[in-house]
Amino acid sequence: MKFLKTVATATLTVGALMAGQAQATTLDQVEKAGVLKVGMLVDFPPFGLMGTTGKPEGYDADTAKALADYLGTKIEIVPVTGPNRIPYLLSGQVDVLVASLGITPERAKRVDFSRPYAGIEIMVYGKKDEKVSKPADLSGESVGVVRASTQDAGVTKVAPDDATIRRFDDDAGAVQALLSGQVPLIGVSNVVAAQIEKAAPGRFDEKFPLSSQVQGIAVEPGADKLLAKINAFVGSAMKDGTMDKISEQWLATDIPDFVRNGSAEEAATPKSATN
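Quick caveat: nothing in here was measured; it's all calculated off a predicted structure. (Residues numbered from 1 in each chain as written. Predicted model: local features only at pLDDT ≥ 70, side-chain atom pairs only at ≥ 80, totals over all residues. Heavy atoms only, no water.)

Turning our eyes to something else, we now look at the sheet that holds strand β3 (residues 48–50). Taken together, three strands build an open sheet; the order of strands is β2-β3-β4 and the sheet is antiparallel. This sheet does not close on itself; its edge strands, each paired only once, are β2 (43–44) and β4 (56–57). With two bridges joining them, β2 and β3 adopt antiparallel strand pairing. Bridge pairing in β3 links Phe 44 to Gly 48. (Pairing = 2+ DSSP bridges. Helix = DSSP H or I, 4+ residues; strand = E, 2+ residues; numbered from the N terminus.)

This part covers the nonpolar core. Among the nonpolar cores identified, the biggest contains 50 residues, and Tyr 59, Val 96 and Ile 217 are the most heavily contacted of them. In this view, Tyr 59 contacts Pro 46, Phe 47, Tyr 117, Ala 118, Met 243, Ile 246, Ser 247, Trp 250, Leu 251 and Ile 255; residues no more than four positions away in its chain are not counted. Among the nonpolar cores identified, the runner-up in size contains 16 residues, and Met 123, Phe 168, Val 183 and Val 192 belong to it. (Core = buried A, V, L, I, M, F, W, Y, C linked by side-chain atoms within 4.5 Å. Buried < 20%, exposed > 50% of the residue type's maximum accessible area, 1.4 Å probe, protein only. Contact = heavy atoms within 4.5 Å.)

To continue, consider the confidence of the model for the protein. Averaged over every residue, the pLDDT of the protein is 88; the share at 70 or more is 89%. Per-residue pLDDT stays below 50 along residues 1–21; that stretch engages in two contacts with residues further than four places along the chain or on separate chains. (pLDDT = per-residue confidence, 0-100.)

Taken together, five strands build an open sheet; the order of strands is β10-β9-β11-β8-β12 and the sheet is mixed. Both edges of this open sheet fall to β10 (164–168) and β12 (204–215), since each of them pairs with a single strand only. Within this sheet the neighbouring strands show an average axis-to-axis angle of 20°, counted without direction. As paired strands, strand β9 (residues 142–146) and strand β11 (residues 185–189) are joined by two bridges and run parallel to one another. By the bridge assignment, Gly 144 is partnered in β11 with Ile 186. (Axes fitted to C-alpha atoms, helices over the stretch in contact; angles between N-to-C directions.)

The buried count for β11 comes to five of five residues, which makes it a mostly enclosed element. Alternating positions in β11 separate into two faces, Leu 185, Gly 187 and Ser 189 on one and Ile 186 and Val 188 on the other, with burial throughout. Here five bridges tie strand β8 (residues 118–127) to β11, and the two strands are oriented antiparallel to one another. Across the sheet, Met 123 pairs through a bridge with Val 188, a residue of β11.

A word on the layout of surface pockets. Each pocket or cavity is described by its volume, and for the second largest pocket that value is around 230 Å³. Breaking the lining of the second largest pocket down by element, the ones donating at least two residues are β8, α8 (190–199) and β12. Sorting elements by how many residues they give to the lining of the second largest pocket places α8 first, with four residues. Here the lining of the second largest pocket is composed, by residue class, of 10 nonpolar, two polar and five charged. (1 Å grid on protein atoms, 1.4 Å probe; cavity = no way out; pocket = protein on both sides within 12 Å on 5 of 7 lines; lining within 4 Å. Points joined across faces, edges and corners; volume = space filled by probe spheres on them. Nonpolar A, V, L, I, M, F, W, Y, C, P; charged D, E, K, R; others polar.)

Time to look at the environment of Pro 160. Its location among the elements puts Pro 160 in the loop between α6 (150–158) and β10. For the pair Pro 160 and Glu 141, spaced 19 residues apart in sequence, the C-alpha separation works out to 9.3 Å. When near neighbours in sequence (up to four residues on either side) are disregarded, Pro 160 contacts Pro 135, Ala 136, Leu 138 and Ser 139.

Right, let's get into the pattern of salt bridges. Within the structure shown, the criterion is met by five salt bridges. Its salt-bridge partner being Asp 152, residue Arg 167 comes within 3.0 Å of it at the nearest N-O pair. With Arg 167 in strand β10 and Asp 152 in helix α6, the pair connects residues that are 15 residues apart, well separated along the chain. A residue is classified by how much of its surface remains accessible, and Arg 167, at 36% relative accessible area, is partly exposed. Between Arg 260 and Asp 244 there is a salt bridge, with its nearest N and O atoms 2.9 Å apart. Linking Arg 260 in helix α11 (residues 257–260) with Asp 244 in helix α10 (residues 242–251), this pair joins segments that are 16 residues apart in sequence. (Salt bridge = Lys/Arg side-chain N within 4 Å of Asp/Glu carboxyl O.)

Turning next to unusual backbone geometry. Between Pro 45 and Pro 46 the backbone carries a cis peptide bond, its omega angle lying at 0°. A positive phi angle, close to 50°, is found at Ser 100, a residue other than glycine. Under the relative-accessibility criterion, Ser 100 is labelled buried at 1%. Despite not being glycine, Ala 148 has its phi angle at roughly 65°, a positive value. For Ala 148, the position within the fold is in the loop between β9 and α6.

Okay, here's the thing in structure tokens:
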């Protein structure tokens, strides 16, 4: 009896695993359903957030809506989290991810990525009158960073020995230090830099980049026709200005060249942090 129970348990377990492995969603299925189910983060502004109306908004939401329009379907945005977004895709709960998913070698083994549609750049940023354009120019300077962050690692790696690196607990602390004049420079992402520009237009600018990472729209492996259609959408949206409008709306800047000229294959390198 014990042996039979063990066999039965094993059979049920295998069955459950097989049930959880949905086949890749095809372009035909999406078009037939007339609805594109999109997994999206809603806790990563300005890429994804819940608006005052209770509906998802942000860079990713606008991109997903433009994609659905291109496909000629309605859209259903499904909120996901950082840890569960890929499992949601692989289990068939969503058709695609437009979820600020950075393209990395590890992720490229699990999902297929479109060409980049967005990107995050880490940079040294500061007062316009600071004559800084390369790491050597940080000599004798004070630079604020978020402790143990990507920008902390980036600045620490390139800063001369006589530079002072001031570490803060979060972006808000580093930004406040810059705005109040405690530090003339900070290490920051282009997303936060755009927010600073809105709060204090014309006072600060980018000095030099530290690293960058592009984000792609993800589909299940094997959804080749759907991926080809998505790539056609991204190419069209880059060319006709749609992506620039979305970027201007949410990041206060046009699409950067490292995104516009990038490819999923080139991006799948371990050169930057992931969200």
